[in-house]
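Architecture at a glance
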Amino acid sequence: MIAEAMEPQELKSLVETGSYKPDPAQVAMAMLSRRGVRELLTGIHATAPQNGHSPGPPAVRPRAA
């Protein structure tokens, strides 16, 4: 179940009053949906070579004058 998005001020007031009680499962799913968090937790970076070899130098492309 996906909750409706809240206005930032509404969320802030709920947090400040201690009334915001997120579902831990929803928090975990939201965190894992972000690539940076997955990379942090797994130690596997999307840009890291998977075959143990370093990537070659980037291609040099001509630029417009």
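Shown above is the structure to which this text applies.
Residues numbered from 1 in each chain as written. Predicted model: local features only at pLDDT ≥ 70, side-chain atom pairs only at ≥ 80, totals over all residues. Heavy atoms only, no water.

**Some thoughts on the overall build of the protein**
Heads up, the rule is: We count a stretch as a helix when DSSP gives it H or I for four or more residues in a row; a strand needs E for two or more, and each element gets its number in order from the N terminus. Each residue is assigned to one of three classes by its accessible area relative to the maximum for its type, calculated with a 1.4 Å probe on protein chains only: buried under 20%, partly exposed between the two thresholds, exposed over 50%. Using a 1.4 Å probe, accessible areas were evaluated by the Shrake-Rupley method; residue-level cover was limited to the displayed protein chains.
Helix and strand content of the protein: three helices and zero strands. Put simply, the protein runs from its N terminus to its C terminus through helices and strands in the order α-α-α. For the protein, with 65 residues in total, the buried portion stands at 3%. Entry remark: accessible area of the protein is about 6500 Å², with carbon and sulfur atoms responsible for 61%.

**Re the pattern of salt bridges**
Rules: Put simply, a salt bridge is a Lys or Arg side-chain nitrogen that is within 4 Å of an Asp or Glu carboxyl oxygen.
Counted according to the given criterion, the structure contains two salt bridges. Residue Lys12 pairs with Glu16 through a salt bridge whose shortest N-O separation is 4.0 Å. Here Lys12 pairs with Glu16, and both are found in helix H1 (residues 8-17), just four residues apart, close to one helical turn. Looking at Lys12, the relative accessible area reads 44%, which means it is partly exposed. One salt bridge connects Glu39 with Arg35, and the closest N-O pair in it is separated by 3.7 Å. Here Glu39 pairs with Arg35, and both are found in helix H3 (residues 35-42), just four residues apart, close to one helical turn. On the basis of relative accessible area, Arg35 is assigned to the exposed category, the value being 54%.

**Digging into a nonpolar patch on the surface**
What counts here: Here, patches come from residues exposed beyond 30% relative accessible area and free of salt bridges, joined within 9 Å for like charges and within 5 Å for nonpolar side chains (Val, Leu, Ile, Met, Phe, Trp, Tyr).
Together, Met6, Leu11, Val15 and Tyr20 give the surface a local cluster of nonpolar side chains, amounting to about 320 Å² of exposed area. Looking at the secondary structure, you find Leu11 in helix H1.

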